[in-house]
Every structure is written in structure tokens, then in C-alpha cells.
Amino acid sequence: MPETTPPNKDLSSGTITVRVNGRSLPCLPGQTVAGALLMAGFYQMRRSPNADAPRGAFCMVGACQECAIMIDGTIRRACQTEVHDGMEIRLEGAGMGGVAENSSTTATDAGGKTVESGIS
Amino acid sequence: MTEFADLLVLGAGPAGAEAALAADHAGLRVVLLDEAPAAGGQVWRAPRTHAARTRSDADQTRGRDLRGRLDASGVQVRTGTQVWDAVPGFCLSCVSERGATRFQAPRLVLATGATERVRPFAGWTTPGVFGLAAATAMMKAEGRLAGRNIIVAGQGPLLIAVAAKACAMGVPPRAIVDLNGRGDWLSAVSGFAAAPGLLLTGLKWMARIVAARVPILHGADIVRALGDDTLDAVIVRDRASGQETRLAADTLYVGNGLTPADEIHRLLGAAQVADALRGGYRTLCDADRRSSVPGLYVAGDGAGVHGAFPSAAQGRIAGLAAAHDHGALSAADFARASRHARGQLKRLMRFADASCRLMQFPEDSLQDIRGDTVICRCEDVTVDQIRAASGDGACDLNQLKHFTRLGMGPCQGRMCALNAAGVLRRLAVDAGRDLRLTPRAPVRPVEMAQLIGTFAYSDIPVPKPAPL
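Each value, and the rule that gives it
- Residues numbered from 1 in each chain as written.
- Chains lettered and ligands numbered in written order.
- Predicted model: local features only at pLDDT ≥ 70, side-chain atom pairs only at ≥ 80, totals over all residues.
- Heavy atoms only, no water.
- Helix = DSSP H or I, 4+ residues; strand = E, 2+ residues; numbered from the N terminus.
- Buried < 20%, exposed > 50% of the residue type's maximum accessible area, 1.4 Å probe, protein only.
- Areas by Shrake-Rupley, 256 points an atom, 1.4 Å probe, with all protein chains shown as cover.
- Lys, Arg positive; Asp, Glu negative; His and termini not counted.
- Charge placed at Lys NZ, Arg CZ, Asp CG, Glu CD.
- Contact = heavy atoms within 4.5 Å.
- Buried area = accessible area lost by both parts, 1.4 Å probe.
- Salt bridge = Lys/Arg side-chain N within 4 Å of Asp/Glu carboxyl O.
- Polar contact = N/O pair within 3.5 Å; in protein donor to acceptor, adjacent residues only side chain to side chain.
- Pairing = 2+ DSSP bridges.
- Axes fitted to C-alpha atoms, helices over the stretch in contact; angles between N-to-C directions.
- Domains from an automatic or database assignment.
- Nonpolar A, V, L, I, M, F, W, Y, C, P; charged D, E, K, R; others polar.
- Phe/Tyr/Trp six-rings, centres within 6.5 Å; stacked < 30°, edge-to-face > 60°.
- Core = buried A, V, L, I, M, F, W, Y, C linked by side-chain atoms within 4.5 Å.

Peer 1: Help me out: how do you make sense of the overall build of chain B in this one?
Peer 2: Broken down by element type, chain B carries 14 helices and 23 strands. Counting only residues that meet the buried cut, chain B has 56% of its 468 residues in that class. Summed over its atoms, the accessible surface of chain B is roughly 19,500 Å², and 54% of this surface lies on carbon and sulfur atoms. Averaging the positions of the 54 positive and the 45 negative side-chain charges in chain B gives two centres separated by 5 Å.

Peer 1: Just to check I follow, could you spell out the interface of chain B and chain A for this structure?
Peer 2: Many descriptions give the size of an interface as the accessible area lost when the pieces come together. Taken together, the 42 residues of chain B in the interface contact 42 residues of chain A. Between chain B and chain A the total buried area reaches about 3,400 Å² when both faces are included, carbon and sulfur atoms providing 53% of it. Interface area lost by chain B to chain A is led by Arg48, Glu142 and Arg144 of chain B, which between them contribute 19%. Across the pair arginine 76 of chain A and glutamate 447 of chain B runs a salt bridge whose closest N-O atoms are separated by 3.5 Å. The interface formed by chain B and chain A contains twelve residue pairs in polar contact (both at pLDDT 80 or more). Those elements that place two or more of their residues in the side of chain B that touches chain A are helix 2 (50-54), strand 10 (129-131) and helix 4 (132-142) of chain B. In terms of residue count, helix 4 of chain B provides more of the side of chain B that touches chain A than any other element does, five residues in total.

Peer 1: What should I look at first to understand the sheet that holds strand 4 (residues 76-78) of chain B in this one?
Peer 2: Picture the strands of a sheet paired through backbone hydrogen bonds; they go either parallel or antiparallel. Residues and elements named next belong to chain B. Taking strand neighbours across the sheet as the criterion, the five strands line up as 4-3-2-8-21 in an open arrangement whose pairing is parallel. Two strands close off the open sheet at either side, each with one partner strand: strand 4 and strand 21 (296-298). Ignoring strand direction, the axes of neighbouring strands in this sheet form an average angle of 20°. Pairing analysis gives three bridges linking strand 3 (residues 30-33) to strand 4, with the strands arranged parallel. Following the sheet pairing, leucine 33 is matched in strand 4 by arginine 78. The sheet strands contacting helix 1 (residues 14-25) are strand 2 (7-10), strand 3 and strand 8 (107-110), and the helix crosses strand 3 at an angle near 170°.

Peer 1: Is there a simple way to explain the pairing of strand 6 (residues 74-77) of chain A in this structure?
Peer 2: For a regular strand, side-chain orientation follows a simple rule: the groups alternate between the two sheet faces. Where strand 5 (residues 68-71) of chain A meets strand 6 of chain A, four bridges bridge the pair, whose relative direction is antiparallel. Considered in strand 6 of chain A, the bridge of isoleucine 69 of chain A is made with arginine 76 of chain A.

Peer 1: Can you help me understand the sheet that holds strand 16 (residues 244-248) of chain B in this one?
Peer 2: All names here are of chain B. Spatial ordering of the open sheet is given by 14-15-16, a layout of three strands whose pairing is antiparallel. In this open sheet, the two strands that pair with only one neighbour each are strand 14 (220-226) and strand 16. With direction set aside, neighbouring strand axes in the sheet form an average angle of 30°. Pairing analysis gives six bridges linking strand 14 to strand 15 (residues 233-238), with the strands arranged antiparallel.

Peer 1: When you look at the side chain of glutamate 66 of chain A in this model, what are you seeing that I'm missing?
Peer 2: Mapped onto the elements of the fold, glutamate 66 of chain A is located in the loop between strand 4 (54-55) and strand 5. The class for glutamate 66 of chain A is buried, based on a relative accessible area of 3%. Of note is the side chain of glutamate 66 of chain A, whose polar atom sits 2.7 Å from the side chain of arginine 377 of chain B. Leave out the neighbours within four places in its chain, and glutamate 66 of chain A touches Arg46, Arg55, Gly56 and Phe58 of chain A together with Arg377 of chain B.

Peer 1: Just to check I follow, could you spell out unusual backbone geometry for this structure?
Peer 2: Note: most residues except glycine have negative phi, and most peptide bonds are trans. Residue and element names in this part refer to chain B. The residue after glycine 89, namely phenylalanine 90, is reached through a cis peptide bond having omega -10°. Mapped onto the fold, phenylalanine 90 is located in the loop between strand 5 (82-87) and strand 6 (91-96). Residue alanine 441 is joined to proline 442 through a cis peptide bond whose omega torsion reads -5°. With respect to the helices, strands and loops of the structure, proline 442 is situated in the loop between helix 13 (417-425) and helix 14 (448-452). Even without being glycine, aspartate 380 reaches a positive phi, approximately 55°. Secondary-structure assignment places aspartate 380 in the loop between strand 22 (374-376) and strand 23 (381-382). Exposure remark for aspartate 380: the relative accessible area of 10% places this residue in the buried category. Positive phi is not limited to glycine here, since glutamine 412 has a value of about 60°. As for its placement among the helices and strands, glutamine 412 is situated in the loop between helix 12 (397-404) and helix 13.

Peer 1: Would you explain the domain arrangement of chain B in this entry?
Peer 2: Residues and elements named next belong to chain B. Assigned domains within chain B: domain 1 (2-115 + 259-355), domain 2 (118-256) and domain 3 (372-448). Between the C-alpha centres of domain 2 and domain 3 there is a distance of 28 Å. Across the contact, six residues belong to domain 2 and six residues belong to domain 3. In total, domain 2 and domain 3 occlude about 550 Å² of area from one another, counting both sides; carbon and sulfur atoms represent 57% of this. When residues of domain 2 are sorted by the area they lose upon contact with domain 3, Pro120, Trp124 and Thr125 head the list and together hold 77% of the total. On the surface where domain 2 and domain 3 come into contact, there are zero salt bridges. Connecting domain 2 to domain 3 are three residue pairs in polar contact (both at pLDDT 80 or more). A breakdown of the residues in the side of domain 2 that touches domain 3 according to their chemical character gives five nonpolar, one polar and no charged.

Peer 1: What am I meant to see in the pattern of salt bridges here?
Peer 2: Opposite charge on two side chains allows them to pair when their charged atoms are near. Residue and element names in this part refer to chain A. Counting across every chain of the model gives 35 salt bridges over all chains. For arginine 55, the salt bridge goes to glutamate 66, with nearest N and O atoms at 3.2 Å. On the criterion of sequence distance, the pair formed by arginine 55 in strand 4 and glutamate 66 in the loop between strand 4 and strand 5 is long-range, its members being eleven residues apart. The pair formed by arginine 55 and glutamate 66 is uniform in burial state, with each residue classed as buried.

Peer 1: Would you mind going over the packing of aromatic side chains with me for this structure?
Peer 2: The geometry of an aromatic ring pair is captured by two quantities: the separation of the ring centres and the angle between the planes. For the structure shown, the criterion picks out five aromatic pairs over all chains. On the numbers, 5.8 Å between centres and 90° between planes, the contact of tyrosine 43 of chain A with phenylalanine 130 of chain B is edge-to-face. Residue tyrosine 43 of chain A is located in the loop between helix 1 (33-39) and strand 3 (46-47), and its partner phenylalanine 130 of chain B is located in strand 10; the two belong to separate chains. According to the relative accessible area criterion, phenylalanine 130 of chain B is buried, its value standing at 0%. When the ring of phenylalanine 58 of chain A is compared with that of tryptophan 124 of chain B, the centres are 5.6 Å apart and the planes differ by 85°; the resulting orientation is edge-to-face. Note that phenylalanine 58 of chain A is positioned in the loop between strand 4 and strand 5 and tryptophan 124 of chain B in the loop between strand 9 (114-116) and strand 10, a pairing that runs across two chains.

Peer 1: Would you take a moment to explain the nonpolar core for this structure?
Peer 2: Generally speaking, soluble globular proteins have nonpolar side chains that are buried together. In this structure, Met60 of chain A together with Tyr253 of chain B are the most contacted members of the largest nonpolar core, which totals 57 residues. Residue contributions to this core peak at seven residues, all from helix 5 (residues 157-168) of chain B. Domain assignment of the residues forming this core places at least three in each of domain 1 (2-115 + 259-355) and domain 2 (118-256) of chain B. Leaving out residues up to four positions away in the same chain, methionine 60 of chain A has contacts with Ala34, Gly35, Leu38, Cys79 and Gln80 of chain A together with Phe130, Ala134, Ala137 and Met138 of chain B.

Pasting the structure below:
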């Protein structure tokens, strides 16, 4: 997976931390969720519902919907959503399981509770 | 809740902002709507992070100037507002953080801008493949560019702009894969000379690319992206010899020009004409930017791709025309106030034509796409499935949608419709047929919860039952 380029020099000045699949990710104020994920090397954000193929941000202008993932409990476009402290991000889209450790259609949130993926 | 105005302007890029400012100056009550968090459009997009704010370039300065002028004006700017329906009259239905809202005015300027086109290739859905405009969005808004080993590909001035800006950010691309040949660029120079300032900017970009020793592969395109979960490499094909080369990359930015974002033009029934140079279809209008629908004006790339500066001039003319038609501006004042913009527009036309020619989508190359290539990204519909549907009798885009679900996903056909039309047109479809999806509300995906909002059951009007 690609590394952060160029290095996030002003990361230390950032006071925002989001959680991605339960793990902490420091972000810069004003960053979009997609921007923060891409800079941290999270290129794959969800899988497509029909072919179960890996997908990530594509157009970055809100048109393609490829980065529509679970943000604070609802499906939102990561490229159009600004990060806020304590934001809960899950790398899963509507109607299918997520990426990384989640291969089934249910995912376990940080509290250990099993949640249904998809639009809530 | 409905907000009333004399004029609604949809889209706060160069065209819409200038239209709103001109009409406001003439004394109209103007509401300017945009889905972005700040005015500026794609080209003069507002920075969101400290890193982006501290970068200075001409587009950044122009955007700041535009937002400053809007702040100082009487224009009611409603950013973060998505329009999902429009009816003549004109009433726009929107959603924003404030919930569902409506705006109504007797006149409407559509300045909705353009959407990027990307020619599909095998593996173009692999994470790490982005549109070329995605690179500019990242750099302008966040002051960052994703990727370490990047390749930029496609065509037109944006290709060179992205490559040069990537160099300036310390991430020189491993290669530039340019669909156009050197000859195409040379024949554009005389058109570019119509705007010497912009030509100079382009030459500076080229100098930066040359200084960074970025190889430029002319007359070549991407035929395949490789990688399981994320991008590992791309296959580049020389269009003349057919020779294929593998280039390692973790990130690809690729774009093949622009197409008007004209859903609302079509929803309102504005007359259009096919115009490949302007990105597909152009909305017909008179010299004052009046469309075929009374009270509806069109400006900027949404009505036919011209680029930022001609768009701004068109916007100013449209705003003044609306003020004149509203009775706020005499014919003489209208002529005087619009003279400069009309001159600019005329002067910049050769520049716009030269840019558009370099950006013109390679329709013919759609027939070489591998059968397993995904066309509809949302529903994973492939070229083979389109061909099969055509064989089964699907002969327009609506039928193709019924046969395959192409265009039924959340992007609503924005990424696939024109590419699918290009594939279908080569399968014995008569040339004159309109191969577009019927425009329908909602023109943006909206959440039911946002539309419904909070309401009391007693507010719901219940009609009297019919007598038995």
C-alpha cells in the first residue's frame, strides 16, 4: 500500500482523531475523510455490491459515489465529508461487507457489538 | 420552507458567481446555490486545510477574490446545498445541513459546470486509479496529492497542469501518458495565443515538467490497470505501433476531458444539440444566454465546455440579461455593462476551441475495450453484458438500463452513461438516436430522512374521502 507522500509535516499541529474500523487515525483540521484515508494509505474503502471487487475514492468531487462508506453510522461520501474529532469511520459501503478484517456482511464495532452493515 | 428571490443561480463557480454578482449589482434579489462548502467551483475551489491555504497560485488568488466579492455583495450564498429537483416556475428542491429547503424565483441561471470523463480500461475500478480532476481537487482543497509512484494520463491542458503541480509538490510523476501527439499540441498553439497569459502559464508548467525530467509518452493511452486490492502497475499502449509497456505505479490519475453536468438543463426541457467539441451536448441559447425555456439562462461549462474564463464572461452576460429581462436594467445599460464580457468571450473563443480539441473524448477507442471491462462501476456491468443486451434487443440507454441495471446505482449514470452510449452506438444502433438516460428527479442521491425532515402527523393534509 502506498505510503504517505509528502509526509504530513503539520500532523503534530492536528488535534483531530478519527477512528477507522476502530483504530485511531490522526487528521488535519479541514481534511475530508477521503483525504485523510488516502494520505494514511487506505486506498481500498469498500467492496462493490455485485462483483465484490475492491473499490476506493475515484472522482473526489462527489459524483462517482465510490467512496460512500459508513461514517458515524450512515453511508456518506468520504470525499465530501469533513473529519471531526471522534468520528467513527468503517471501511464498508452500502449493501456489502467491508474491507480489511471484515469478510462477512456483518462487522464488529469498536465496542464489540455486532452491527449490520449497509444503510442504517 | 421556501425562500423567494428575483433570481436563482445554480452553481457558484466562475460562471454562476459572475452571474449572481452582475444581477445583484443591477438590484435583483439573488440566491446563489452550490453543493460545495464554499464558492469557487472546481477550478477556483476554496482551500480546506492549512497546507492548502499556504500554497499560493493563480487559481487560489482568483478564488479568494471571487469569494471576497461575493461576501461584499448582497448575493445570498447558500453553499452546502444540493439541488435534487427543479420545476419550471422556477422551484428548486434542495437538501442541506438545515434539512429540506425550497427556493423559488421567476428566473434561473444554470451554471452547473462539468463532469470529468474517463475512458474505461480493464482494471480502472482498482483502488489507486483516480480521475485527473481528483488530483486537482486534492491539491487545491487539501494541499496534498495521494501517491508515491504516480502516473498521470489522459489528455488536454489539465494533464499538463496536474503533472506540473505534482512536480511542485515534490511528487514528480513517473510518466505522463498523453493521448495526444506532439503535432496535436503544436496545432493548438495558435489558438492558445489568443490568451497570452494562459499560454505563458502553460509554458511554465511545461518547463517545470522538463526540469523534473518527467518522461512524456505521446500518442499513448492506458489499456490496463494491474493490482489485486490496490494498484501495482499500468499497461501503456503506443497508439501507432500497438506496443505495450508495463509501468509500476501505486497511483494513476487519468482523465479524458469534460462533459457538461446538464441534468437540470434536461430536466427543465432546455433544447440541446449534439456537440462533441463541447463535451457531448450543448444547451442552445441566444447571445444573451437565454435558453429555449422562458426565464432560464445558461452559462459556463454546464451548457457546453469552454473553460473557466469564457464561463465567467458568459455568466456575467447571463446575470445582466436576467436583470434586463426583470426590468432592472435598460437596454442601453445592458449593452454597456455586457460589452466588456462579450469582447472577452469573443477573444477567448479560439483559446477555448484549442483546449476543447485536445480534450475531445476518443469515442472511436471505445470499440477496442476488452469485453470484461466494467463500464457501469456501481452495478459492475461489463462491455460483454452491454453487447449481449444489445444482441437481445436493447437499442437505447433506457432499455440497456432495464436489461442490465447499468446506470441504476448511486452515481445515477454519471460515470457510465456516455461510455455505454459509445459502446452501444457501435453495435448497429442508428446514428441519429439519442443515447442518453431520461433525466429524472432526484438528480442527486438524497436520504429519505433528509427529505422527510421532522413533521407532525397533524400537518399532513388528508383529502376528504370521495362520497360513496
